[in-house]
Amino acid sequence: MPQTNLAGPYLLAHPIINNEFGQIAGGVYALGTTNSRGAFRAQYIGRADFDLNEQLNDWVGSYQYFEAEFVPDAQAAFEEECQLYHKFGGNELLDNKIHPICTEHGWRCPIPECPYNETAQ
Ligand SMILES: [Zn+2]
């Protein structure tokens, strides 16, 4: 799997989420499954601008495992989400069918060759 700063994989279950990511802060996460050797395979990428814990808890039951990290602010969350989206194969491999967008602030993807990068427009 691609190298990321995400911690995990962890079982996507309320007590584990609250134990590992209990504070209220923004973050990014990958949801997915693991193979027989325990290696994580991402199926969905997401970001939480303010409350990673709440978002992860909302996903319980939809995916088996997750990896996540806290980030310092909403822009960092957006840019890290873009990085993860590309690292984990974009819409060809993920359940995310569209590239991450930020309509509120107009932030663009940090990947230079991406059509969503600011130099592309
Ligand atoms: Zn991109």
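I will try to describe carefully the structure that is included in this document. Here the residue index of a chain counts from 1 through its sequence in written order. Local features in this predicted model are restricted to residues whose pLDDT is 70 or higher, and side-chain atom pairs enter the listing and the counts only when it is 80 or higher, whereas totals over whole chains, interfaces and linings include all residues. To get the side-chain values, all heavy atoms of the structure are used, and hydrogens and water are removed first.

**Concerning the overall build of the protein**
Rule in force here: Per the convention used, a helix needs a DSSP run of H or I reaching at least four residues, while a strand needs a run of E reaching at least two, with both numbered from the N terminus. We compute the radius of gyration from the C-alpha atoms alone; for a globule the expected value is 2.2 Å times N to the 0.38, where N is the number of residues. Under the scheme applied here, a residue whose accessible area is under 20% of the maximum for its type counts as buried, over 50% as exposed, and between as partly exposed, the area being computed with a 1.4 Å probe on protein chains only. We call two residues in contact when some of their heavy atoms are within 4.5 Å. Each accessible area is a Shrake-Rupley result for a 1.4 Å probe, and residues are judged covered by the shown protein chains and nothing else. Charge counting follows a simple rule: Lys and Arg are positive, Asp and Glu are negative, and His as well as the terminal groups are ignored. Charge positions come from single atoms, namely NZ of Lys, CZ of Arg, CG of Asp or CD of Glu.
Check the secondary structure of the protein and you find four helices and four strands. Each helix and strand of the protein, ordered N terminal to C terminal, gives the series β-α-β-β-α-β-α-α. Taking 121 residues into account, the globule formula puts the C-alpha radius of gyration at 14 Å, and the protein, at 14 Å, falls close to it. Dimensions along the principal axes, computed over C-alpha positions, put the protein at roughly 45 × 30 × 20 Å. Here the protein holds 121 residues, and 42% of them are scored as buried. Contacts in the protein between residues at least 24 apart in sequence constitute 66% of all its contacts with a sequence separation of at least 6. With the model as given, the accessible surface of the protein reaches about 6800 Å², and the carbon-plus-sulfur share is 47%. Here the protein contributes 6 positive and 16 negative side-chain charges, whose respective centroids are spaced 10 Å apart.

**What about the coordination of the zinc ion?**
Short version of the rule: For Na, K and Ca the donor cut-off is 3.2 Å, and for all other metals it is 2.8 Å, counting N, O and S atoms only; because water is absent from this set, sites may look incomplete. In these descriptions, tetrahedral denotes four donors with every angle between 85 and 135 degrees, square planar four donors and octahedral six donors with opposite donors over 155 degrees apart and the rest between 65 and 115, and irregular any other case.
Around the zinc ion, the donor atoms from the protein are His 86 (NE2), His 99 (NE2), Cys 109 (SG) and Cys 114 (SG), and they sit 2.0 to 2.2 Å away. Metal-centred angles of 104 to 116 degrees between the four donor atoms at the zinc ion mark the site as tetrahedral. As a motif over one chain, the donors of the zinc ion read H-x12-H-x9-C-x4-C. You can see His 99 sitting in the segment after α4 (90–93) and its partner Cys 114 sitting in the segment after α4, a full 15 residues away along the chain.

Bear in mind that shape data such as this cannot, by itself, settle questions of function.
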